[in-house]
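Structure assessment
One-letter residues, chain by chain:
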Amino acid sequence: MDAETSVPGSGRRFLLLSLLLALGCTSSAPPAPVSLDPETVRFLEQSTFGPTEALASQVKAQGFSAFLDQQFAAPVSSLGSYPAVLQGPAQVCPAGSDAGCYRDNFTGFPPAVQFFRNALSGEDQLRQRVAFALGQILVVSGDEVRSTYGIADYQQLLLDNAFGNFRRILEAVTLSPAMGRYLNMVNNDKPNPAAGTNPNENYARELLQLFSIGLVQLREDGTVVTDTGGEPVPTYDQSVVQGFAHVFTGWTYPTLPGATLRTHNPVYYRGPMEAVATNHDLAAKALLGGVTLPAGQTPAKDLGDALDLVFQHPNLGPFIGRQLIQFLVTSNPSPAYVARVSAVFADDGSGTRGDMKAVVRAILLDPEARGASKIDPDFGKLREPALLVAGLARALGVQSDGVFLRNASAAMGQDVFQAPSVFNFYPPNAPLAGTSLVSPPSTLLDSTTVMTRSNVVYALLFRNIAADTTVAGSTGTTAPLTDLASSAADAAALVDRLDALLMHRTLSPPMRQAVLDAVNAVPASDAVGRVRAAAYVLGTSAQYQVER
Amino acid sequence: MSVRISRRELLEGLGAVGLAASLSSRLGERRAWAQSAPDYRALVCVFLFGGNDGNNMVVPVDAAGYSAYAAARGTGAGGLALAQSALLPLAPASGAAAYGLHPNLVELQTLWEAGALGVVFNVGTLLAPTSKQSFLQNTVPHPLSLLSHQDQQHQWQTALSDQYSRTGWGGRIADGLPGAALPPVISIAGNQLFTIGNASSPLALPAAGGGFGLGGFDGSAEADARLQAMDDLRMLQEQNLIVQATQSQASRALAASKLIAPVLTGNGSTVDGLFTGLTSSIAKQLLQVSRIIAARQTLGATRQIFLVSQDGYDTHNDQLNRQGNLFADLSPALKAFYDATVQLGVAAQVTTFTLSDFARTLQPASGGGSDHAWGNHQLVLGGAVRGRQTYGTFPTLQLGGPDDFSGQGRWVPTLAVDQYAATLASWFGVSSADLPAVLPYIGRYPTADLGFLG
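Residues numbered from 1 in each chain as written. Chains lettered and ligands numbered in written order. Predicted model: local features only at pLDDT ≥ 70, side-chain atom pairs only at ≥ 80, totals over all residues.

Attention now goes to the overall build of chain A. Across its full length, chain A carries 27 helices and eight strands. For chain A, whose C-alpha radius of gyration is 25 Å, the value lies close to the compact-globule estimate of 24 Å for 548 residues. Along the first, second and third principal axes, the C-alpha set of chain A runs to 85 × 65 × 40 Å. A total of 548 residues make up chain A; the buried ones form 58% of that total. Across chain A, every contact between residues at least 6 apart in sequence was considered, and the portion connecting residues at least 24 apart equals 68%. (Helix = DSSP H or I, 4+ residues; strand = E, 2+ residues; numbered from the N terminus. Rg over C-alpha atoms; globule rule 2.2 N^0.38 Å. Buried ≥ 20, exposed ≤ 12 C-beta atoms within 10 Å, placed from the backbone. Contact = placed C-beta atoms within 7 Å.)

Moving on to the overall build of chain B. Each helix and strand counted, chain B has 14 helices and 12 strands in total. When the backbone C-alpha atoms are referred to their principal axes, chain B occupies close to 75 × 50 × 40 Å. Residues classed as buried in chain B amount to 57% of the 454 residues present. Sequence separation of at least 24 residues holds for 74% of the intrachain contacts in chain B that already meet a minimum separation of 6.

Counting 291 residues, the largest nonpolar core has Phe244(A), Ile363(A), Ala534(A) and Val537(A) as the members making the most contacts within it. It is helix α9 (residues 241–264) of chain B that contributes the most residues to this core, 12 residues altogether. Sequence-distant contacts of Val537(A), that is, excluding residues within four places in its chain, are made with Ala514(A), Val515(A), Ala518(A), Arg226(B), Ala229(B), Met230(B) and Leu233(B). In terms of nonpolar packing, the next biggest core, distinct from the first, is built from nine residues, Leu146(B), Ala359(B), Trp374(B) and Trp411(B) among them. (Core = buried A, V, L, I, M, F, W, Y, C linked by C-beta atoms within 7 Å.)

Moving on: the domain arrangement of chain A. Residue and element names in this part refer to chain A. The domain architecture assigned to chain A consists of domain 1 (3–51 + 381–547) and domain 2 (165–329 + 333–369). Centre-to-centre separation of domain 1 and domain 2, based on C-alpha positions: 37 Å. Taken together, the contacts link eight residues of domain 1 with 11 residues of domain 2. For the side of domain 1 that touches domain 2, a count of residues per class yields four nonpolar, three polar and one charged. (Domains from an automatic or database assignment. Nonpolar A, V, L, I, M, F, W, Y, C, P; charged D, E, K, R; others polar.)

A separate point is the interface of chain B and chain A. It is common to give the size of an interface as the accessible area lost on bringing the parts into contact. Across the contact, 65 residues belong to chain B and 62 residues belong to chain A. When contributions to the side of chain B that touches chain A are tallied by element, the ones reaching two or more residues are α6 (149–158), β7 (203–204), α8 (221–235) and α9 of chain B. It is α9(B) that provides the largest number of residues to the side of chain B that touches chain A, a total of 12 residues. Of the residues in the side of chain B that touches chain A, the class split is 26 nonpolar, 30 polar and nine charged.

Hydrogen bonds between backbone atoms are what pair the strands of a sheet, whose relative direction is either parallel or antiparallel. Residue and element names in this part refer to chain B. The strand order β2-β4-β3 describes an open sheet built from three strands, whose pairing is antiparallel. The open sheet has two free edges, formed respectively by β2 (58–60) and β3 (88–89), since each of these has just one partner strand. Bridge count between β3 and strand β4 (residues 99–101): two bridges; the pairing is antiparallel. Looking at the pairing, Leu88 lines up with Leu101 of β4. (Pairing = 2+ DSSP bridges.)

Moving on, we get to the domain arrangement of chain B. Domain parsing of chain B yields domain 1 (1–30 + 214–253) and domain 2 (31–208 + 266–444). Look at where the C-alpha atoms of domain 1 of chain B and domain 2 of chain B centre, and you get two points 34 Å apart.

With that out of the way, let us pick up the pairing of strand β10 (residues 376–381) of chain B. Residues and elements named next belong to chain B. Of all six residues in β10, six are buried; the element is thus mostly enclosed. Pairing analysis gives five bridges linking strand β5 (residues 117–124) to β10, with the strands arranged antiparallel. Note that in β10 the partner of Leu117 across the bridge is Leu381.

Right, let's talk about the packing of helix α26 (residues 527–539) of chain A against α8(B) for a bit. The relative placement of two packed helices comes down to the angle between their axes together with the axis-to-axis distance. The N-to-C vectors of α26(A) and α8(B) enclose an angle of 25°; their axes lie 9 Å apart at closest approach. With respect to α8(B), the element α26(A) is oriented roughly parallel. For the pair α26(A) and α8(B), the sense of crossing is right-handed. Where α26(A) abuts α8(B), its residues Gly529(A), Ala533(A), Tyr536(A) and Val537(A) lie against Glu222(B), Arg226(B), Ala229(B), Met230(B) and Leu233(B). (Axes fitted to C-alpha atoms, helices over the stretch in contact; angles between N-to-C directions. Parallel < 35°, antiparallel > 145°, perpendicular 65-115°, else oblique. Left-handed = near helix turned anticlockwise from the far one by under 90°.)

So, on to the pairing of strand β9 (residues 350–356) of chain B. Residues and elements named next belong to chain B. Burial runs high along β9: seven of the seven residues are buried. In terms of strand pairing, β9 meets β10 through two bridges, oriented antiparallel. Residue pairing across strands places Phe353 opposite Val380, the latter belonging to β10.

Okay, helix α4 (residues 106–113) of chain B next. All names here are of chain B. Of all the positions in α4, only Leu108, Gln109, Leu111 and Trp112 are classed as buried. Looking straight down α4, one finds that the buried residues subtend no more than 160° of arc, so they occupy a single side. Contacts made by the buried residues of α4 are with β3, β4, β5, α12 (319–343) and β10. Of the residues trailing α4, Gly115 is marked for its positive phi of about 85°. (Arc of directions from axis to C-beta.)

Quick look at the packing of helix α25 (residues 509–520) of chain A against α8(B) now. Two elements in contact, α25(A) and α8(B), have axes separated by 8 Å at closest approach and are oriented at 170°. Taken together, α25(A) and α8(B) sit at an angle that is classed as roughly antiparallel. Residue-level contacts link Met511(A), Ala514(A), Val515(A), Asp517(A) and Ala518(A) of α25(A) to Ala225(B), Arg226(B), Gln228(B), Ala229(B), Asp232(B) and Leu233(B) of α8(B). Grouping the amino acids of the contact of α25(A) with α8(B) by side-chain chemistry returns seven nonpolar, one polar and three charged.

Pasting the structure below:
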């Protein structure tokens, strides 16, 4: 299917916009930027960390499908290489250490800074977007896993597997020692009657609830199955959680190079967790859908069988697919959209279930992502902080070492790789007050952060942010804006160019006039000042911050 | 810096006023409550995110009770039992103490002895009075998604356990409040359902030390034009609902920042000194609340509902250290806050109470932690609290015993969130006739007043 020919109504809308532009634009502005294709700009908002004029021109020429193929094949970007730090803060960062010692060895800060560098200039934009979404579904947080290399390895694992099969993602995540540490599957002991302890339920519960099938039964279109009394039908009960908790016994940290496997290996986050058969519960385990795993299986066999059950559960496609749509395209997808993506999750066309490339392609080329739904009152999503700041930086040609972008995202409530809990920064069903919609990112938009967001846009445009001397290789963040400034002599031309780049030409006449007024208040001799004024007004507007 | 405020912006900034008025006209007879008493009252909700292990917050100290506790919690490696000798006795006004507090709640023991602290036993999310038997036999409706963090957090905040409510009981109380210059609900914990009403929206403020305001405007012509354009875009009628909500949020924030930003600096605050040396997040949040209460007359506030929070109670492992550290932050912060209300002369007009996702299993889980459970103990604090007393029924600390529905020490609640909330709402000024508007299921329970306030 060619997505660009399946956009009902877009032709008419484009004509209307062209007419408005023709009426409002009487100058002899440089024509090239205004020719940016609005639908391509929209597509790049959903499939990258944000459009640039150069990328929009390229993708317009090659077509969306070819761009997706190119992105699927692009080499994986790296979040950096970090040595395994085996000692604790007291040994690694004794009194008198560098200011950044703790941060650089025991937090997610270094890979988060690299994350923003990659978002700005990495070639594998789509992979990064999908991995970022996966990392917000399959959450591990540096808030609790206090290991820079552990966090970096986990996030790299998501990047490496983002276009693989979801079954593989589930297994890699399950056996990640960072996840093991985060949700207590590592060193999870079989029942110990003498000590009175039970297997830890944490990973079992959140695997089911958050990482795969969710609490309630779903139809293929993501709507909830209810019983005769109208109540949602649960997907599982506490006994199933306990069954999975027993499955996930008998795993420990990877064995340190040169060491010997012990029941409880010392903390080490490099490589997958290792099985300790003697610490694995051998009883039969009642799991989902009446399936019971027989007694006496090995840790790996139990784990593989349990993940197979989860992977084959009919909830998986709609549960994961709907969230991926929310992260990439819109907070309130229609059931039909979810159903189309679920169908591809179930079968990529060649009989394979869980093919992430096919799922991502289906999400981005769906008629609801590409078509006239963009003008529906419930379409779109508030830009989450990381995407807001990265998107503006990319569009405006900001030069950054990533430090300010990371800090700004954190200040707006999204401390990348450091989510406050396994429930991420916001739940997928967060209600939007005063409506019947959900808007997960609006959880982070309160009366404090709504102003922080404006202040971040201000800092990005108006301040030259100096290098952080505590960060190796830091160069700071600056917005030269020289390219855009070449259009600034003509206020209308500048606004048109930013309309195309930031708003995919959705500026209404009054909005356009308001921006023009702000630009015209700056003398034409201050070309950069004009760009700042226009980009500030647009970048802080709700009309921009809600991507549609 | 100059910011023009339009009429629409003013209305939005007033939050409850314009919107509540329109709601009451929709509902016809909906009355505004809490107008008869002219004095000041505030509720302060302290949400302990993650599921506070109430079983180690309040522990039996009598020989038989402690023995049952220690047997189930475990005293060896991986066990969770606190040493009997370390518990801080909660002595009633007369007679021997039956319970003790966690050893790190030193300041709370002082407040108990001063008569300002009460403990409410085994409260939980319910849809009707429920016993272990009726729960296991399914003869009563079950709350949705028991043991799930997010769902149980929401249900504690909404008191509607059979639905995905879009409002919380703090916000619903605010729906009925008369207009004021500031929104009556102030969260220092971001957006939470507790604070959202049918018609009212909260103000979210940073903890003490955080910035609250719009920067980048120096009064120059260029800056004023930029501000003007920003205002214009915010005022445009937009069709998209998410855009509208984002515009409204900005308008409310800008309006409120004019009023409250001076208060948040702490300059001239008489209560800051009480928090000296307290650096935890919960202390900074409660300091911010103290500053706002201190400025209540300047701000024109007569009824306020605050939300503060402490994260980290999901102690699946290493619980003894982790909960101990959290309590070591919580206890002095609550004491400083109570002392601030005393200094401000409003100790009897401010009631502080805890909420949390759920309790945790009495039986330990592998790794020195515990798993998700249900009914839990809560703390109520303030000059109006009938303190030095416990309320409700302490569960039998026995795995598989009469209160445990799962065999791992998960208590079927003997009191409902609804009753706990109704007691607080009534004290705050909601009449018994209006209670169902705030707590729709309160009529299902034998009493709406647990007696801890008065």
